[in-house]
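# An overview of the molecular structure
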Amino acid sequence: MSASAARRGVFVTGTDTEIGKTWCSIGLLEALAARGLRAAGLKPVAAGAVQTADGWRNDDALALQAAASVALPYEIVNPVCLPEPCSPHLAARAAGVRIDIDALVAHCERVSFDCDWLLIEGAGGWLAPLDEAHSIADLAHALGLPVLLVVGMRLGCLNHAQLTWEAIERSGCARAGWIANVVDPRTARLDEQVETLTCRLRGTPLAVLGHGLGPSARRAALAAAAWRLYNASP
């Protein structure tokens, strides 16, 4: 995203799919909205949708639309909605659609002028393909927003988190920080794993969201993370 268009915001990615990117994004948006800020959330590309009277709709994009304090039509929140729940490049191929990164960047830039803080959520993991040559990483780099990594805390997450963090760094994108989200209640030695990632990722998590954490505690943790992200944005 060009310097003239960019405002406060973050690009949200994850160590995998189904690890809580949208759940965390909703909490961040709601927290900033509660402070009276115009916070909007976009899901430029979504794969996996249901047919409704209004057209194809993706659950994650609908959730971001509902959590935002800026009222946006669905087509603005999710300009590329692909029916099949698979990798974006395969879903696009099945739908006969070409994902145009330049068009998506221009779309996000237009929205950025109408809000105080813009959250953009990726699809799947950092290197999820968008076409034969480009991935979510290329979209994030073109947007120029700092990247927030949601780490799904479960067996294997130490490897996945480090590989993703290093790939974000190599891409030239600024790193906004990371959130530890426990997706497997059987995760052993959680505190020690968070400590390991704190060392390996060179920074404490903005929030640690675990099973058994009550709704008010989760909201408080994400509210604190949202405020830190907002104040750290350019």
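Below is a summary of the structure that appears in this document. Since we're looking at a predicted model, the values are computed, not measured.

Reading the values: the criteria
Residues numbered from 1 in each chain as written. Predicted model: local features only at pLDDT ≥ 70, side-chain atom pairs only at ≥ 80, totals over all residues. Heavy atoms only, no water. Pairing = 2+ DSSP bridges. Helix = DSSP H or I, 4+ residues; strand = E, 2+ residues; numbered from the N terminus. Axes fitted to C-alpha atoms, helices over the stretch in contact; angles between N-to-C directions. Contact = heavy atoms within 4.5 Å. Core = buried A, V, L, I, M, F, W, Y, C linked by side-chain atoms within 4.5 Å. Buried < 20%, exposed > 50% of the residue type's maximum accessible area, 1.4 Å probe, protein only. Arc of directions from axis to C-beta. Right-handed = clockwise from strand over helix to strand, strands pointing away. Parallel < 35°, antiparallel > 145°, perpendicular 65-115°, else oblique. Nonpolar A, V, L, I, M, F, W, Y, C, P; charged D, E, K, R; others polar. Salt bridge = Lys/Arg side-chain N within 4 Å of Asp/Glu carboxyl O.

The next thing to look at is the sheet that holds strand β2 (residues 39–42). If you trace the 6 strands from one edge of the open sheet to the other, you get β2-β7-β1-β8-β9-β10, paired in parallel fashion. The two strands at the open ends of the sheet, each matched to only one other strand, are β2 and β10 (207–209). When strand polarity is set aside, the average angle formed by the axes of neighbouring strands in this sheet is 20°. Across the sheet, helix α7 (residues 157–171) lies against β1 (8–14), β8 (147–153) and β9 (175–182), angled at about 170° from β8, the strand it touches most. Across the face of the sheet, helix α9 (residues 215–232) comes into contact with β1, β7 (117–121), β8, β9 and β10 while running at roughly 155° to β10.

Membership of the largest hydrophobic core comes to 50 residues, with the highest contact counts inside it found for Phe11, Trp126 and Trp178. Not counting chain neighbours up to four residues away, the residues in contact with Phe11 comprise Ile120, Gly122, Trp126, Ile136, Leu139, Ala140, Leu143, Leu145, Pro146, Val147 and Leu148. Ranked by size, the runner-up nonpolar core spans 27 residues in total, among them Leu64, Trp117, Leu206 and Ala221.

Residues of helix α4 (residues 88–95) that are buried: Pro88, His89, Ala91 and Ala92. Across the axial projection of α4, the buried residues extend over an arc of 165°, all falling on one side. Two residues or fewer past α4, Gly96 is found with a positive phi of approximately 70°.

What follows concerns the pairing of β9. Counted residue by residue, β9 has 6 buried out of 8 residues, so it is predominantly covered. Across 7 bridges, β8 lies against β9 in parallel orientation. Across the sheet, residue Gly152 finds its bridge partner in β9, namely Asn181. Between β8 and its parallel partner β9, the chain crosses via α7, and the hand of that crossover is right-handed. Here β9 runs beside β10; their pairing, made up of 3 bridges, is parallel.

A few words now on unusual backbone geometry. In most cases, non-glycine residues show a negative phi, while peptide bonds are predominantly trans. Positive phi is not limited to glycine here, since Glu18 has a value of about 60°. Within the secondary structure layout, Glu18 lies in the loop between β1 and α1 (21–34). The backbone of Arg202 sits at a positive phi, close to 60°, despite the residue not being glycine. Inspection of the secondary structure assignment puts Arg202 in the loop between α8 (190–200) and β10.

A separate point is the pairing of β2. Every second residue of β2 is oriented toward a common face, with Ala39 and Gly41 on one face and Ala40 and Leu42 on the other, all of them buried. Bridge count for β2 against β7 is 4 bridges, and the pairing is parallel. In the sheet register, Ala40 faces β7, and the bridge partner there is Leu118.

Along the chain, Val45 falls in strand β3 (residues 45–47). As for Val45 and Val77, which are separated by 32 residues in sequence, their C-alpha atoms are 9.4 Å apart. Every residue in contact with Val45, bar those within four places of it in the chain, is listed here: Asn78, Val80, Leu82, Pro88, Ile99, Leu104, Ala123 and Leu130.

With that settled, the discussion passes to the packing of α1 against α9. Between two packed helices, what matters for the description is the angle formed by their axes and the separation of those axes. Interaxial distance between α1 and α9 falls to 8 Å at its minimum, and their mutual angle equals 70°. It follows from the interaxial angle that α1 and α9 lie roughly perpendicular. Packed against α1, whose contacting residues are Trp23, Cys24, Gly27, Leu28, Ala31 and Leu32, the element α9 presents Arg218, Leu222, Ala223, Ala225, Ala226, Trp227, Leu229 and Tyr230 at the interface. Residues that form the contact of α1 with α9 fall into these classes: 12 nonpolar, 1 polar and 1 charged.

Next up on the list: the side chain of Asn58. Looking at the secondary structure, you find Asn58 in the loop between β5 (55–57) and α2 (59–67). On the basis of relative accessibility, which here comes to 6%, the residue Asn58 falls in the buried class. Discounting chain neighbours no more than four positions away, the residues touching Asn58 are Ala46, Ala47, Gly48, Ala49, Tyr74, Asn78 and Cys81.

With that settled, the discussion passes to the pattern of salt bridges. Enumeration over the complete set of coordinates arrives at 10 salt bridges. Between Glu121 and Lys43 there is a salt bridge, with the nearest N and O atoms lying 2.7 Å from each other. In this pair, Glu121 is assigned in strand β7 and Lys43 in the loop between β2 and β3, connecting sequence segments 78 residues apart. Summarising the burial analysis for this pair, Glu121 and Lys43 share the class buried. Across the pair Arg186 and Asp184 runs a salt bridge, and its minimum N-O distance is 3.0 Å. Here Asp184 falls in the buried class, since its relative accessible area comes to 17%. Each of the salt bridges in this network shares a partner with another, and the network as a whole consists of Lys43, Asp60 and Glu121.

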